[in-house]
Amino acid sequence: MGRYHDLSRTFIPTSYSSKRVCTHCLGATVVIELVDFHKAYGSTIAVRELSFSVAPGQILGLVGPNGAGKTTTLRALTGMIPPSRGDLRVCGFNVCKSPLEAKRRLALVPDDPQLFRELTVEQHLAFTAGAYGIRNPDEAANQLLTQFDLIEKRHVAAGELSRGMRQKLAISCAYLINPEAVLFDEPLTGLDPRGIRILKQSIQARAEQGASIIISSHLLAMVEDICTHVLILNRGQQKFFGTIENLHREFGSDDQLCSLEDIFFAATDSEMLEAASAS
């Protein structure tokens, strides 16, 4: 890959391969697990007593109003912020007690990726490969550049990319490490229709290969389209967790509640109205 190959040799040790398999996760029934997760900032409770799990092959849609605790949950799972209490695990590794083992198996695509402005697209992939100890990443990197229409931008600095291209680069870096768990926070931001279709297809393909995926998004149609499970948060509390089918069964007694959007408002507006009445 030209400059990419030269740079990657600078970083990459010989202990791992881009085709590596996490033996710790083989046969696992759960990849992502939160038990009694609680996060408070002083007297403000961001997330209260949250428990859920994501198994291999499952795609969990994390939905809720602004301030519901979605991003807080994702950041706690990555170890970016510590929980006030609770047990958070990735492939069985406690995020607080074994952070490196957990993070090796996890990738996060934030809503606004903070890239290195001076590094090119290829250099970002090389840096990622080096940081995760991936040996011989050239083939996988080329496939991702092609898949996400970044081939012609391979020598362009991140600071010169459009918003959508930066998002594609962040996704490519996440996929390069072949993680067992992938977290997306508003992943469609900046993507054009072709980019959206490619991303949705890639998420489904990763799940079919055994990855566990969480997507936090306000785009409820997309969540309903590709997710196998849904977690609805409101004011830091879990309102529902389960399959799409069970969601419709629980909230779909009224004929008008036929879409995830309708169910979302039914699950969250009632609590808001109660809170407004109490005040």
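Shown above is the structure to which this text applies.
Since the structure is predicted, the reported quantities are computational estimates derived from the model, not experimental observations.

## Quick look at the overall build of the chain
Then, number 1: Scanning the chain from terminus to terminus reveals 10 helices and 10 strands.
Then, number 2: Of all 279 residues assigned to the chain, the portion counted as buried reaches 48%.
Then, number 3: Pairs at least 24 apart in sequence give 71% of the contacts found in the chain among residues at least 6 apart.
Then, number 4: For the chain, the exposed area adds up to about 13300 Å²; of that, 49% sits on carbon and sulfur atoms.

## Considering the packing of helix α6 (residues 163–176) against helix α7 (residues 193–208)
Then, number 1: Where α6 contacts α7, the two axes come as close as 12 Å, and the packing angle between them is 15°. Taken together, α6 and α7 sit at an angle that is classed as roughly parallel. Relative to α7, α6 is oriented so that their crossing is left-handed. Within the contact between the two elements, α6 uses K168, I171 and Y175 and α7 uses G195, L199, S202, I203 and R206.
Then, number 2: Its residues assigned to classes, the contact of α6 with α7 shows 4 nonpolar, 2 polar and 2 charged.

## Notes on the pattern of salt bridges
Then, number 1: A full pass over the atoms with the stated rule returns 8 salt bridges.
Then, number 2: In this structure, R85 engages E49 in a salt bridge whose closest nitrogen and oxygen atoms are separated by 3.5 Å. Placement of R85 in strand β4 (residues 85–90) and of E49 in strand β2 (residues 44–54) is noted, with a sequence separation of 36 residues between them.
Then, number 3: Residue R154 is joined to E122 by a salt bridge in which the shortest nitrogen-to-oxygen separation is 2.6 Å. With R154 in the loop between α5 (138–147) and α6 and E122 in helix α4 (residues 121–131), the pair connects residues that are 32 residues apart, well separated along the chain. The same class applies to R154 as to E122, namely buried.
Then, number 4: Beyond isolated ion pairs, a larger network of salt bridges with shared partners links D36, E49 and R85.

## Some points on the packing of aromatic side chains
Then, number 1: Under the counting rule described, the total for this entry stands at 5 aromatic pairs.
Then, number 2: Relative to Y175, the ring of F148 lies with its centre 6.0 Å away and its plane at 45°, an arrangement referred to as tilted. Residue F148 is located in the loop between α5 and α6, and its partner Y175 is located in helix α6; the two are separated by 27 residues in the primary sequence.
Then, number 3: In this structure F148 comes out as buried when scored by relative accessible area, which is 3%.
Then, number 4: A relative accessible area of 2% places Y175 in the buried class.
Then, number 5: Ring centres of Y175 and F184 lie 6.4 Å apart, and the angle between their planes is 80°; on these two criteria the pair is classed as edge-to-face. Just as Y175 is buried, F184 falls in that class too.

## Side note on the sheet that holds strand β5 (residues 93–94)
Across a sheet, strands are paired by hydrogen bonds formed along the backbone, either parallel or antiparallel in direction.
Then, number 1: Sheet architecture is open: 4 strands sit in the order β2-β1-β4-β5, paired in antiparallel fashion. Of all strands in the sheet, those with a lone pairing partner are β2 and β5, marking the two edges.
Then, number 2: Pairing of strand β1 (residues 32–41) with β4, which is carried by 5 bridges, proceeds in the antiparallel orientation. Within β4, the residue paired with V35 across the bridge is D87.
Then, number 3: Strand contacts of helix α2 (residues 70–78): β1, β2 and β4, with the helix running at about 115° to β1, the strand carrying the most contacts.

What counts as what
- Residues numbered from 1 in each chain as written.
- Predicted model: local features only at pLDDT ≥ 70, side-chain atom pairs only at ≥ 80, totals over all residues.
- Heavy atoms only, no water.
- Helix = DSSP H or I, 4+ residues; strand = E, 2+ residues; numbered from the N terminus.
- Buried < 20%, exposed > 50% of the residue type's maximum accessible area, 1.4 Å probe, protein only.
- Contact = heavy atoms within 4.5 Å.
- Areas by Shrake-Rupley, 256 points an atom, 1.4 Å probe, with all protein chains shown as cover.
- Axes fitted to C-alpha atoms, helices over the stretch in contact; angles between N-to-C directions.
- Parallel < 35°, antiparallel > 145°, perpendicular 65-115°, else oblique.
- Left-handed = near helix turned anticlockwise from the far one by under 90°.
- Nonpolar A, V, L, I, M, F, W, Y, C, P; charged D, E, K, R; others polar.
- Salt bridge = Lys/Arg side-chain N within 4 Å of Asp/Glu carboxyl O.
- Phe/Tyr/Trp six-rings, centres within 6.5 Å; stacked < 30°, edge-to-face > 60°.
- Pairing = 2+ DSSP bridges.

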